[in-house]
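# Architecture and fold: a report
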Amino acid sequence: MARSEKHKKSKVKKDSLTRRIVRTLLAVAALYVAVTFLITLNDLVNMISQNKSSRDTELGKARYEELVADGVAEYYSVYTSAEIDSNPDLEVVKLYYFPAENAEKAPFAIVLPGGGYYECDIYKVGLPTAATLNESGYSAFVLGYRYGKYSSEYAPLEDLARALTYILDNAETFNVDASNYALFGFSAGGNLAGLFASETLGYAKYGLPAPTA
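This section reports on the structure supplied with the text. Predicted, not measured: the structure shown is a model, and the values here were computed from it.

What follows is about the packing of helix α5 (residues 155-169) against helix α7 (residues 188-196). Relative orientation of the contacting elements α5 and α7 amounts to 70 degrees, with a least axis distance of 10 Å. On the basis of the axis angle, α5 is roughly perpendicular to α7. As for how α5 packs across α7, the hand of that crossing is right-handed. Contacts between α5 and α7 pair Pro156, Leu157, Leu160, Ala161 and Leu164 from the former with Leu192, Leu195 and Phe196 from the latter. Looking at side-chain class alone, the contact of α5 with α7 contains eight nonpolar, no polar and no charged residues.

Moving on to the pattern of salt bridges. In the structure shown here, the tally under the stated rule is six salt bridges. Measuring nitrogen to oxygen at the nearest pair gives 2.8 Å for the salt bridge that ties Asp159 to Arg146. In this pair, Asp159 is assigned in helix α5 and Arg146 in the loop between β3 (139-144) and α5, connecting sequence segments 13 residues apart. Taking relative accessible area as the criterion, Arg146 reaches 5% and is therefore assigned buried. Because the salt bridges share partners, they merge into one network encompassing Arg63, Glu66 and Glu101.

Okay, the packing of aromatic side chains next. All told, the structure shown has 14 aromatic pairs when counted by the stated rule. Aromatic ring contacts, followed pair by pair, group Tyr76, Tyr97, Phe108, Phe141, Tyr166, Phe174 and Tyr181 into a single cluster. Against the face of Tyr154 rests Lys205, its NZ or CZ located 5.7 Å from the ring centre.

Strand residues, when the strand is regular, have side chains that alternate between the two faces of the sheet. With respect to burial, strand β1 (residues 94-98) is a largely interior element, four of its five residues being buried. Strand direction decides the pairing type here: β1 and β3, joined by five bridges, are antiparallel. Note on β3: the bridge partner recorded for Tyr96 is Val142.

Our next topic: the sheet that holds β3. Within the open sheet, the four strands sit side by side as β1-β3-β2-β4. Their pairing is mixed. Each of the sheet's edge strands pairs with one partner strand only, and the pair in question is β1 and β4 (176-185). Recorded for the sheet is a direction-independent mean angle of 25 degrees between the axes of neighbouring strands. On the sheet, α5 packs against β1, β2 (106-112), β3 and β4 and is oriented at approximately 160 degrees with respect to β2.

Side chains of a nonpolar character, in soluble globular proteins, are inclined to be buried together. Phe98, Ile110, Leu143 and Phe196 are the most contacted members of the largest nonpolar core, which totals 46 residues. Among the elements that make up this core, the one with the highest residue count is α5 (six residues).

Glancing now at a nonpolar patch on the surface. A surface patch of nonpolar side chains, about 590 Å² in accessible area, is lined by Phe37, Leu38, Leu41, Leu44, Val45 and Met47. Here Phe37 is to be found in helix α1 (residues 2-54). For Phe37, a relative accessible area of 54% translates into the label exposed.

The rules behind these values
- Residues numbered from 1 in each chain as written.
- Predicted model: local features only at pLDDT ≥ 70, side-chain atom pairs only at ≥ 80, totals over all residues.
- Heavy atoms only, no water.
- Axes fitted to C-alpha atoms, helices over the stretch in contact; angles between N-to-C directions.
- Helix = DSSP H or I, 4+ residues; strand = E, 2+ residues; numbered from the N terminus.
- Parallel < 35°, antiparallel > 145°, perpendicular 65-115°, else oblique.
- Left-handed = near helix turned anticlockwise from the far one by under 90°.
- Contact = heavy atoms within 4.5 Å.
- Nonpolar A, V, L, I, M, F, W, Y, C, P; charged D, E, K, R; others polar.
- Salt bridge = Lys/Arg side-chain N within 4 Å of Asp/Glu carboxyl O.
- Buried < 20%, exposed > 50% of the residue type's maximum accessible area, 1.4 Å probe, protein only.
- Phe/Tyr/Trp six-rings, centres within 6.5 Å; stacked < 30°, edge-to-face > 60°.
- Lys NZ or Arg CZ within 6 Å of the ring centre and 35° of its normal.
- Pairing = 2+ DSSP bridges.
- Core = buried A, V, L, I, M, F, W, Y, C linked by side-chain atoms within 4.5 Å.
- Patch = residues over 30% accessible without salt bridge, like charges linked within 9 Å, V, L, I, M, F, W, Y side chains within 5 Å.
- Areas by Shrake-Rupley, 256 points an atom, 1.4 Å probe, with all protein chains shown as cover.

The following block contains the structure:
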């Protein structure tokens, strides 16, 4: 009988110890989740704040409106009317021109906005970047490429190749240095820039010069 009582007490102690260990582990896990959540939330708030402050949409809008008022086209269609009639999705492909203010031929950049390929964020990303490049003495082109329901496999690459071809064919009109261009890509646009910089899928496939930057 004494041995049975001793066994029961030992079992109770073990159960109690197990519960304490489980509670401790749960408390540590809960604390870890809470701290991780707060750190992530803080980082997210900072990222949103920095993202907003780095996108000078007013600068981009003002520069764009200034150029249009001075006679620069609102945008250029890099595909022909016949091509657009044949494939209406091509109508979303638009090239916005931000010429440098100097009279000499300037190196140029093609700005590729992001948007996860489900949108193309021209106004929040593209125009401000182009306006900033103008301030640094570069000409810039913002490409609105096919995305989402308008797109198909490699369609954005085709749009970029066509846009570059269009710029190079009209280098004298745009007053740009055809031998010196860069790609500025953000998010999905960064992916697009990287793909176009590869020989297999990009510039070489379309018989175009490689970007210098």
